[in-house]
Amino acid sequence: MTDIARRVQNLPPYLFARIEQLIEQKKSEGVDVISLGIGDPDEPTPEHICREAARQINVRENHQYPSSAGMLAYRSAVADWYARRFGVWVDPKNEVVSLIGSKEGIAHISWCFVDPGDTVLVPDPGYPVYAGGTILAGGNIHCLPLLPENDYLPRLEDIPSDTARKAKILFLNYPNNPTAAVTREGFFDEVVRFAREYDILVCHDAAYIDVSFEGYRPPSFLEIQGAKEVGIEFGSVSKPYNMTGWRCGWAVGNKHAIEVLGRLKSNIDSGVFQAVQYAAIAGLNGSQQCVSRINGVYRKRRDMALAALGEIGWDITPTKATFYLWLKVPKGFTSESFAEHLIDRAGVVVTPGTGYGNYGAGYFRISLTLSDALLQEALKRLKSTLGRVSF
Ligand SMILES: *Cc1c(COP(=O)(O)O)cnc(C)c1O
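This is a predicted model, so every value here is computed, not measured.

Chemist: Any chance you could explain the site of the ligand here in plain terms?
Modeler: In the vicinity of the ligand there are 13 residues, among which Asp-205, Tyr-208, Ser-236, Ser-238 and Lys-239 approach most closely. Here Asn-177 contributes a side-chain N or O atom positioned 2.9 Å from an oxygen atom of the ligand. In this structure, an oxygen atom belonging to the ligand sits 2.5 Å away from a side-chain N or O atom of Ser-238. Coverage of the ligand by the protein amounts to 94% of the 380 Å² it exposes when considered alone.

Chemist: Just checking my understanding: could you explain the domain arrangement of the protein for this structure?
Modeler: By a frequent convention, interface size equals the accessible area lost on bringing the separate parts together. Segmenting the protein into domains produces domain 1 (6–45 + 289–386) and domain 2 (47–285). A C-alpha centroid distance of 25 Å is found between domain 1 and domain 2. At the junction of the two partners, domain 1 supplies 32 residues and domain 2 supplies 38 residues. Summing the contributions of domain 1 and of domain 2, the shared interface buries around 3,100 Å²; its carbon and sulfur component is 64%. Taken together, the connections running from domain 1 to domain 2 amount to two salt bridges.

Chemist: Whenever I open this one, the side chain of Ser-335 confuses me. Can you help?
Modeler: If you trace the backbone, Ser-335 turns up in helix H13 (residues 335–346). The exposure class of Ser-335 is buried, given its relative accessible area of 2%. Reaching out from Ser-335, the side chain makes a polar contact with the backbone nitrogen of Gly-362 at a distance of 3.0 Å. Within the structure, Ser-335 has its side chain in polar contact with the backbone oxygen of Tyr-363 (distance 2.8 Å). Apart from the residues lying within four places of it in its own chain, the contact partners of Ser-335 are Val-329, Pro-352, Gly-353, Thr-354, Gly-360, Ala-361, Gly-362 and Tyr-363.

Chemist: Would you explain the packing of H13 against helix H14 (residues 372–386) in this entry?
Modeler: With their axes 10 Å apart at the nearest point, H13 and H14 run at an angle of 100° to one another. Taken together, the axes of H13 and H14 are roughly perpendicular relative to one another. From H13, Phe-338, His-341, Leu-342, Arg-345 and Ala-346 reach across to H14, where they touch Arg-381, Leu-382, Thr-385 and Leu-386. Considered class by class, the residues forming the contact of H13 with H14 number five nonpolar, two polar and two charged.

Chemist: Mind showing me how you'd approach the sheet that holds strand E12 (residues 363–367) here?
Modeler: Backbone-to-backbone hydrogen bonds join strands into a sheet, with any given pair of strands oriented parallel or antiparallel. Taken in spatial order, the three strands make up an open sheet running E9-E12-E11, and their pairing is antiparallel. Every other strand in the sheet has two partners, leaving strand E9 (324–328) and strand E11 (351–352) as the edge strands with one partner each. Two strands pair when backbone bridges link them, and E11 and E12 are joined in this way by two bridges, in the antiparallel orientation. Counted as the bridge partner of Thr-351 is Arg-365 from E12. Together, E9 and E12 form the strand contacts of helix H12 (residues 289–312), whose direction differs from that of E9 by roughly 15°.

Chemist: Just checking my understanding: could you explain the nonpolar core for this structure?
Modeler: A general tendency of soluble globular proteins is for nonpolar side chains to be buried together. Tyr-82, Leu-170, Phe-194, Phe-221, Tyr-241 and Trp-250 are the most contacted members of the largest nonpolar core, which has 59 residues in total. Viewed by domain, this core spans two of them, domain 1 (6–45 + 289–386) and domain 2 (47–285), each represented by three or more residues. Core analysis: the second largest hydrophobic core is formed by 43 residues, Phe-213, Met-304, Leu-306 and Leu-309 among them.

Chemist: Sorry if this is basic, but what is going on with a nonpolar patch on the surface here?
Modeler: On the surface, Ile-4, Val-8 and Leu-11 cluster together into a nonpolar patch covering about 240 Å² of accessible area. For Ile-4, the position within the fold is in the segment before helix H1 (6–9). Judged by its relative accessible area of 55%, Ile-4 is exposed.

Chemist: In this structure, what is going on with helix H4 (residues 72–86)? I would like to understand it.
Modeler: A turn of α-helix holds 3.6 residues, and therefore any two residues three or four places apart point the same way. The first and last C-alpha atoms of H4 sit 21 Å apart over 15 residues, in line with the 21 Å expected at 1.5 Å per residue. Residues of H4 that are buried include every one of Tyr-74, Arg-75, Ala-77, Val-78, Ala-79, Trp-81, Tyr-82, Ala-83, Arg-85 and Phe-86, and no others. Residues of H4 that are buried in the fold lie against strand E2 (96–99), strand E7 (231–236), strand E8 (249–253) and helix H11 (274–285).

Criteria and cut-off values
Residues numbered from 1 in each chain as written. Predicted model: local features only at pLDDT ≥ 70, side-chain atom pairs only at ≥ 80, totals over all residues. Heavy atoms only, no water. Near = heavy atom within 4 Å. Polar contact = N/O pair within 3.5 Å; in protein donor to acceptor, adjacent residues only side chain to side chain. Areas by Shrake-Rupley, 256 points an atom, 1.4 Å probe, with all protein chains shown as cover. Domains from an automatic or database assignment. Contact = heavy atoms within 4.5 Å. Buried area = accessible area lost by both parts, 1.4 Å probe. Salt bridge = Lys/Arg side-chain N within 4 Å of Asp/Glu carboxyl O. Helix = DSSP H or I, 4+ residues; strand = E, 2+ residues; numbered from the N terminus. Buried < 20%, exposed > 50% of the residue type's maximum accessible area, 1.4 Å probe, protein only. Axes fitted to C-alpha atoms, helices over the stretch in contact; angles between N-to-C directions. Parallel < 35°, antiparallel > 145°, perpendicular 65-115°, else oblique. Nonpolar A, V, L, I, M, F, W, Y, C, P; charged D, E, K, R; others polar. Pairing = 2+ DSSP bridges. Core = buried A, V, L, I, M, F, W, Y, C linked by side-chain atoms within 4.5 Å. Patch = residues over 30% accessible without salt bridge, like charges linked within 9 Å, V, L, I, M, F, W, Y side chains within 5 Å. Expected span 1.5 Å × (residues − 1).

In structure tokens form, the structure reads like this:
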């Protein structure tokens, strides 16, 4: 067999191999393993969205190749949603491109702007695709530590200026996976100034912009004056409308960056199935009651988890957004050993923080995307296995 290309060899090893193995072993022993590990909405896609997709499946024109950039109707629905939701105006003709889920665009953006040897600023802990796309493009990763004492925001002033000068892209993600942190007033303004000074493309991953609680409304990066000159924002219907399986997202913002991403993509894929684009339009243009309802479900689960974890010894500030909780590992454990301990003793899967980068060490993530009953059962098991923890 031919050798594997270096760009693929250079991808980080799959970190969860040992945990997967343990899960399989437990299952074969007859344990009903409960996973708090996967960030994938458990509830179905809202009915009105499915109905529109079913209708569009029978329309002949939808059976052919879609346009690579997305139907204008789709791009207009995204632009209208930005206007309504954030008061941000983007031109659907040249400031919006469709994506096969935002993950696809995040992975490809480095191919557009990063040459071998260029630097990319990557938050750590962070969604692994920022690093993966950078490695595939031959770029060098400069980690931006996200630390609790900085509310999980990177300190731009700590980036050495020679590194900043070599940087082509800055990835950001608020509300944040895995930490559930949100941005603070003024931070995005600092980002715009920084990106201007060093000529860096800001890529804001807004996957969780519509997953929030108790009236908190996460801002769009594009709300900031000058943001469109330096950046783009990624989003999708996956998280707010329970549509992770449909693969439909967008990038919005800087005209040049959107054009280049579209140009690259037209050489790789042929767009998103039009029936799926129509389903996404139905989601974006329809009543947003389904989003509030889904957020209500996560909020209730968050409160269940906070109460139970509080009894075990975790003192957690209630999260404002995302369906994750980012928790400290108890004394005597590493991220991995704690995750293994929980599978072994409780039949409960959590994600070790190191899966998101070196700065995730000492933490683990749980996801609230499982039924109330299963979550309750998992929490009960944690309590009986752990008793009371200290740090
Ligand atoms: C889920 C997720 C995405 C990608 O979602 P798509 O389904 O590809 O749109 C992007 N970023 C983060 C941080 C996520 O958690």
